[in-house]
Amino acid sequence: MSAGSLFADHALLPGGWARDVRLAWDAAGRLTAVQPGATPEPGMPRAEGPLLPGMPNLHSHAFQRGMAGLTEYRAEAQDSFWSWRSLMYRFALRLSPAQLEAIAFGLYVDMLEAGYTAVCEFHYVHHDTDGHPYADDAELARALLRAAQRAGIGLTLLPVLYQTSGFGGAAPAEGQRRFIRSTASMLRLLETLRPACEAQGARLGLAPHSLRAVPPEALRDALAGLAAQDATAPIHIHIAEQTKEVDDCLAWSGQRPVAWLLDHAPVDARWCLVHATHMDADEYRRAAATGAVAGLCPTTEANLGDGLFDLPRWTVDGGAWGVGSDSHACVDAAEELLMLEYGQRLSRRQRNVAATAAQPEVATALWLSAVGGGAQASGRALGGLAVGQQADMLVLDAAHPVLAGLEAPQMLSAHVFAAGRQRPLAQAYVAGRKTVDAGRHPLRAEAQRAFVQARRELLAGGA
Ligand code: NGQ
Ligand code: ZN
C-alpha cells in the first residue's frame with residue numbers, strides 16, 4: 001500500500017456534505033487529512049464526482065450467493081423462511097472449499113462494484129460434507145480470507161458457534177452437521193485464525209448463531225473465552241428474525257429473545273443484533289440503550305418474509321444500525337437503503353421517514369447512519385471520511401445520465417432512489433487503494449468465470 005491524496009469538489013463527511021475537500025492518507029490507508037474549503041495542490045488527483053464513504057456490509061453468508069434466485073418457486077403449500085432454510089441446507093451440504101472460495105470471490109468483487117468496501121462474514125459452514133472437521137479445521141474460513149484478499153475487500157471474520165437445533169438444547173439436525181462445534185473447539189479455531197486475520201488486516205470476532213443454536217452455558221463460556229483473547233472483538237447474533245422464534249423463546253424461557261439476551265449477556269457496543277425484527281416497545285428501548293448495532297438486511301428480510309423493523313422506534317432512542325446483504329439475493333448498498341426506507345413508508349404511510357431535522361436529505365441520512373453502524377459492527381476504523389478512519393471511499397459517476405447536472409446531495413438521492421438497476425458508481429477505494437475504476441473491478445471477468453463454474457458444479461451435483 002502507499003500513501004495518497006484526493007481532492008473532491010463535494011464529499012460526504014460524517015457531519016454532512018462539504019465542498020472543496022482535500023483528503024490524504026498514509027501508507028497504511030488511514031486518513032491523515034480531511035480538509036473542507038481547501039485548494040488542490042498542483043497535480044493532486046481529483047475525484048470525478050461526489051465522494052462518499054464506502055459502505056461496510058455488516059452481514060454476509062457468502063455461500064448463499066451461489067443459490068441466489070434459485071428458491072423462488074413453490075416448494076411447500078405455504079412457503080416460509082423455514083422451507084427456504086431446508087433448501088439452503090441442501091445447498092450448504094454440497095459445498096466444497098474450492099467452490100466456497102470461488103463463490104465468495106465472485107461475491108466480493110460484486111460487492112466492491114456495488115458500494116460495499118468491507119464485509120462481515122458470518123461464517124458457519126465449518127466441516128466437510130460428512131460433518132467431520134477438515135484436516136485443517138480452519139479450511140473453509142481460510143477460503144473466505146483468501147477470497148477477500150484477492151478481491152481487495154476489507155473483512156471482519158465471524159466464525160459461528162452452532163450447537164443445537166432449537167431452544168432448550170434440542171439436538172442438532174442431520175442437515176446441520178457441517179455447522180456444529182463445541183465451545184472449546186470454537187475458541188481454538190479463533191486462536192488458529194488470528195495470525196491469518198492479522199496478516200491481512202481482517203478483524204476477528206465471534207457469532208453465536210442465535211439463541212436457537214447456542215444454549216446459555218455455551219453462550220456464557222464462548223463470550224468469556226473470546227474476551228480472554230480480545231476484549232473488544234465484535235460479537236454478532238441472529239436474534240429475532242421470525243415470529244416462530246419469538247414464540248419458541250417465550251415457551252422455553254418466558255421471555256422474548258431480545259429481552260432474554262439483554263438479561264443474560266453483556267450486550268454493549270461490541271454487539272450486532274442481526275434481524276432484531278421482532279421486538280416489543282421495551283426491547284426497542286432497552287436494546288438501543290446498550291449501544292449495540294441493529295443489523296438490518298432489508299432485501300433478505302423481505303425475500304424471506306421476516307417482517308419489518310421499526311426504524312424510527314429504534315433511532316428515537318439513539319439506536320445505531322447498519323445494513324447487510326445476508327443471503328445476497330441482492331448485492332447493492334443503495335438498494336438495501338431503498339428497501340429499508342420503503343418498508344418504513346409502506347408501514348407508516350409517510351415519506352422520508354429516515355430524514356431528520358438535522359439531515360433532511362433522506363438518502364444522505366440513510367447513508368451516513370448505515371456507514372456509522374456498519375463500521376461499529378465491523379470492529380474496524382471504517383467510520384467515514386474523517387482523520388483516523390480508513391480511506392474507504394466511493395466516487396459517484398457525475399456524468400451518468402441518472403446523475404448528470406444534479407447537486408451532490410441530489411446525486412446520492414438519485415443513486416439510492418432513482419437509479420433502478422443501473423449503478424452510477426465510478427470508483428471504489430479500500431484503504432486508499434483504488435479497487436474499482438469506471439465501475440469495474442479489474443478481476444471481474446476472472447471472478448465471474450470462477451463463480452459460474454462453481455455454481456454449475458453445485459447445481460449438477462444437487463438433489
Ligand atoms: C443463516 N439466515 O444462518 O443463514 C440464516 C438462516 C437460521 C438468515 N437468518 C438459518 N437470514 O436462521 O436458522
Ligand atoms: Zn444471517
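In case you missed it, the structure is sitting above this.
Here the structure is a predicted model, which is why all the values come from computation and not from measurement.

Draft legend 1. The arrangement of unusual backbone geometry in detail. If you check the backbone angles, N352 has positive phi at about 50° while not being a glycine. Residue position: N352 is located in the loop between helix 11 (333-348) and helix 12 (362-378). Of the residues examined, N352 reaches a relative accessible area of 32% and is grouped as partly exposed.

Draft legend 2. Spatial organisation of the nonpolar core. One finds Y108, L261, W271, W321 and W367 to be the most contacted residues of the largest nonpolar core, which totals 133 residues. Those residues in contact with L261, other than ones at most four positions away along the chain, are L211, L219, I237, I239, V267, W271 and L273. The next biggest cluster of nonpolar side chains, apart from the first, holds 17 residues, and it includes A8, L13, L23 and L51.

Draft legend 3. The arrangement of the pattern of salt bridges in detail. Applying the stated criterion across every chain yields a total of 24 salt bridges. Residues E101 and R150 are paired through a salt bridge, measuring 3.6 Å at the closest nitrogen-oxygen approach. One end of the pair, E101, is in helix 2 (residues 97-113); the other, R150, is in helix 3 (residues 139-151), and 49 residues separate them in sequence. Accessibility expressed as a relative area gives 14% for E101, which makes it buried. Accessibility expressed as a relative area gives 39% for R150, which makes it partly exposed. One salt bridge connects D136 with R142, and the closest N-O pair in it is separated by 2.6 Å. Taken together, the shared-partner salt bridges in this structure form one network comprising E101, R146, R150 and E446.

Draft legend 4. Quick peek at helix 4 (residues 183-199). In this model, helix 4 (17 residues) spans 25 Å end to end at C-alpha, consistent with the 24 Å of a helix rising 1.5 Å per residue. The largest bend in helix 4 comes to about 35°, at L193, with the proline P195 one to four residues further on. Residues of helix 4 that are buried: T183, S185, M186, L187, L189, L190, L193, R194 and C197. Buried residues along helix 4 sit in contact with helix 3, strand 7 (154-161), strand 8 (203-204) and helix 5 (216-229). Once helix 4 ends, the next one or two residues include G201, with phi positive near 75°.

Draft legend 5. Region of interest: the side chain of E241. Considering the arrangement of structural elements, one finds E241 in the loop between strand 10 (235-238) and helix 6 (243-253). Put simply, E241 is tucked away with no salt bridge, and the nearest opposite charge, on R212, sits 4.8 Å away. Look past the residues within four positions of E241 in its chain and what remains in contact with it is F81, H275, T277, H278, L304 and D306.

Draft legend 6. Representation of the site of ligand 1. Neighbouring residues of ligand 1: 14 residues in total, closest R85, Y124, H209, R212 and E241. Separating an oxygen atom of ligand 1 from a side-chain N or O atom of R212 is a distance of 2.7 Å. When the free accessible area of ligand 1 is taken as 340 Å², the share hidden by the protein chains comes to 100%. When atoms are counted within 2 Å of each cavity's grid points, the one that captures over half of ligand 1 is the largest cavity. Looking at side-chain class alone, the shell around ligand 1 contains five nonpolar, five polar and four charged residues.

Draft legend 7. How the structure looks around the coordination of the zinc ion (ligand 2). Coordination sphere of the zinc ion (ligand 2), protein contribution only: H59 (NE2), H61 (NE2) and H238 (NE2), at 2.0 to 2.1 Å. Using a relative accessible area of 3% as the deciding quantity, one classes H61 as buried.

Draft legend 8. Highlighting the packing of helix 11 against helix 12. Interaxial distance between helix 11 and helix 12 falls to 10 Å at its minimum, and their mutual angle equals 115°. The angle between helix 11 and helix 12 falls in the class roughly perpendicular. Note on packing geometry: the crossing formed by helix 11 with helix 12 is right-handed. Every residue of helix 12 that contacts helix 11 at A333, A334, L337, L340, E341 and R345 is listed here: V362, L366, W367 and A370. Among the residues making up the contact of helix 11 with helix 12, the classes are represented as eight nonpolar, no polar and two charged.

Draft legend 9. Highlighting empty space enclosed by the protein. A full pass over the atoms with the stated rule returns three cavities of 30 Å³ or more. Within this model, the largest cavity holds a volume of roughly 160 Å³. In terms of lining residues, the largest cavity is bounded by 17 residues, among which F81, W84, M88, H209 and H238 are the most central. If you tally residues by element for the lining of the largest cavity, the top one is helix 1 (residues 81-92), at five residues. Here the lining of the largest cavity is composed, by residue class, of eight nonpolar, five polar and four charged. Roughly 80 Å³ of volume is contained in the second largest cavity. Q64, M67, A68, G69, T71, E72, W84, N303, L304, S327 and A329 are the residues that line the second largest cavity. Each residue belonging to the lining of the second largest cavity can be placed in one class, and the counts come to five nonpolar, five polar and one charged.

About the thresholds
Residues numbered from 1 in each chain as written. Chains lettered and ligands numbered in written order. Predicted model: local features only at pLDDT ≥ 70, side-chain atom pairs only at ≥ 80, totals over all residues. Heavy atoms only, no water. Helix = DSSP H or I, 4+ residues; strand = E, 2+ residues; numbered from the N terminus. Buried < 20%, exposed > 50% of the residue type's maximum accessible area, 1.4 Å probe, protein only. Core = buried A, V, L, I, M, F, W, Y, C linked by side-chain atoms within 4.5 Å. Contact = heavy atoms within 4.5 Å. Salt bridge = Lys/Arg side-chain N within 4 Å of Asp/Glu carboxyl O. Expected span 1.5 Å × (residues − 1). Bend = angle between axes of the 7 residues up to and from the residue. Lys, Arg positive; Asp, Glu negative; His and termini not counted. Near = heavy atom within 4 Å. Polar contact = N/O pair within 3.5 Å; in protein donor to acceptor, adjacent residues only side chain to side chain. Areas by Shrake-Rupley, 256 points an atom, 1.4 Å probe, with all protein chains shown as cover. 1 Å grid on protein atoms, 1.4 Å probe; cavity = no way out; pocket = protein on both sides within 12 Å on 5 of 7 lines; lining within 4 Å. Sits in = over half its atoms within 2 Å of the grid points. Nonpolar A, V, L, I, M, F, W, Y, C, P; charged D, E, K, R; others polar. Donors = N, O, S within 2.8 Å, 3.2 Å for Na, K, Ca; no water. Axes fitted to C-alpha atoms, helices over the stretch in contact; angles between N-to-C directions. Parallel < 35°, antiparallel > 145°, perpendicular 65-115°, else oblique. Left-handed = near helix turned anticlockwise from the far one by under 90°. Points joined across faces, edges and corners; volume = space filled by probe spheres on them.

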